[in-house]
Every structure is written in structure tokens, then in C-alpha cells.
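These are the residues of each chain, in order.
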Amino acid sequence: MKIEDIIKTTAILKNSKRIILNVLYAQNVLNEKFNEFLKPYELSSEQYNVLRILRGQKGNPANMSLIQERMVAKTSNTTRLVDKLLLKELVTRQVCTENRRKIEVLINQKGLNLLQELDPKVLDHEQHFAKNLNADELEQLNTLLEKYRNQ
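Residues numbered from 1 in each chain as written. Predicted model: local features only at pLDDT ≥ 70, side-chain atom pairs only at ≥ 80, totals over all residues. Heavy atoms only, no water.

A. The overall build of the protein, seen in detail. A tally of regular secondary structure across the protein gives seven helices and three strands. The N-to-C order of helical and strand elements in the protein reads α-α-α-β-α-α-β-β-α-α. Expected size for 151 residues packed as a compact globule is a radius of gyration near 15 Å; at 19 Å, the protein overshoots this value by more than 25%. Considering only C-alpha atoms, the protein reaches an extent of 60 × 30 × 30 Å along its principal axes. Across the 151 residues in the protein, those meeting the buried criterion constitute 25%. Sequence-distant contacts in the protein: of pairs separated by 6 or more residues, those separated by 24 or more amount to 49%. Split by element, the accessible area of the protein, about 11,000 Å² in all, is 52% carbon and sulfur. One finds the centroid of the 24 positive side-chain charges in the protein at a distance of 5 Å from the centroid of its 19 negative side-chain charges. (Helix = DSSP H or I, 4+ residues; strand = E, 2+ residues; numbered from the N terminus. Rg over C-alpha atoms; globule rule 2.2 N^0.38 Å. Buried < 20%, exposed > 50% of the residue type's maximum accessible area, 1.4 Å probe, protein only. Contact = heavy atoms within 4.5 Å. Areas by Shrake-Rupley, 256 points an atom, 1.4 Å probe, with all protein chains shown as cover. Lys, Arg positive; Asp, Glu negative; His and termini not counted. Charge placed at Lys NZ, Arg CZ, Asp CG, Glu CD.)

B. Fine view of the packing of aromatic side chains. Applying the stated rule across the entire model yields two aromatic pairs. Plain terms: the ring middles of Phe34 and Tyr48 are 5.3 Å apart, the flat faces sit at 70 degrees to each other, and that makes the pair edge-to-face. Of this pair, Phe34 sits in helix 2 (residues 15–38) while Tyr48 is found in helix 3 (residues 45–56), placing the two residues 14 residues apart along the sequence. Among the aromatic residues, those joined into a cluster by ring pairs are Phe34, Phe37 and Tyr48. (Phe/Tyr/Trp six-rings, centres within 6.5 Å; stacked < 30°, edge-to-face > 60°.)

C. Region of interest: the nonpolar core. Leu43, Tyr48, Val50, Leu51, Leu54 and Ile67 are the most contacted members of the largest nonpolar core, which totals 24 residues. Elements represented by at least two residues in this core include exactly helix 2, helix 3, helix 4 (64–70), helix 5 (78–87), strand 3 (103–107) and helix 6 (109–130). (Core = buried A, V, L, I, M, F, W, Y, C linked by side-chain atoms within 4.5 Å.)

D. Broad picture of the pattern of salt bridges. Tallied over the entire structure, the rule returns three salt bridges. Two residues, Glu4 and Arg18, come together in a salt bridge whose shortest N-O distance is 2.7 Å. Residue Glu4 is located in helix 1 (residues 3–6), and its partner Arg18 is located in helix 2; the two are separated by 14 residues in the primary sequence. The exposure class of Glu4 is buried, given its relative accessible area of 14%. Exposure remark for Arg18: the relative accessible area of 23% places this residue in the partly exposed category. Between Asp83 and Arg93 there is a salt bridge, with the nearest N and O atoms lying 2.5 Å from each other. Of the two residues, Asp83 is situated in helix 5 and Arg93 in strand 2 (residues 91–95); the sequence distance between them amounts to ten residues. On the accessibility criterion, Asp83 (30% relative accessible area) is partly exposed. (Salt bridge = Lys/Arg side-chain N within 4 Å of Asp/Glu carboxyl O.)

Shown next, in the form of C-alpha cells:
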């Protein structure tokens, strides 16, 4: 379905506007579906992102700056996200021994177990949205989105 049909406009849109509307609409659809399967776990997509970042540290602690740097949504309040993960007992937090102003965060076994349970659901989510494109089209879409984004 064309974006003009979705937003119910009869106006002729320039391609520059159409691509922005398409990207924003696609982002909303992806987020809605992603949040649907996170909801039973009482986890937001940003909290999930923090857990993934921490798992990627392979047992090494991450400070707030590193987590913020690797977040998909750069506007997220990292301290608040970590606090919520602490309340859910999915991570641990301690003061850095070398620099007492730094807080180090580690994913714990409960957090790792949760990610392991979510991994197949995330894979299904990714495959669901990729199913209408072949491998070449997926590669081309990635290339075009990266080119479009890197201004």
C-alpha cells in the first residue's frame, strides 16, 4: 500500500517527503510489533536495547557513557533505564574502582536468561518484516538507508 493511501491524501507528494513519511511509518509499525512481544515481559524496547548492549560486553562492565553511545535511540535516559533494569533484577550496578565518579553496569544471569528467551521472538520479528524482500533487495535497502541516513 502506498504511503498516500495510508495517510489518505490526494496531494502529490515529492519523493523527498514520501521517503520521510515511509521511513517514519515503517518505524512506527516495527516499534508497535516489537513492543507487542516485549509487553508480557514488562520490558520496553529501550530497556531491551540496554540488555543487548550489556550482553555484548561479554562479562565486562559498561559505564553509562558507553551504553548511551551504543543506544539506538540516543535520546533515551540511560540512568533511568538502568534503574528500571535494576528494579527488575536483570542487571547489577557498582562504582568503578579506578574512577569513583563512574558507575559500571553488568547484565546478570537473570538478564541473560531473559534475552535467551527473547532471541527467537526477535528473530521471528526480523524475518517477518524481511519476508517480502529477497537477499539482494535486503542488501540494497540497507545500502540505500545507510546512504540516506549518513548526511
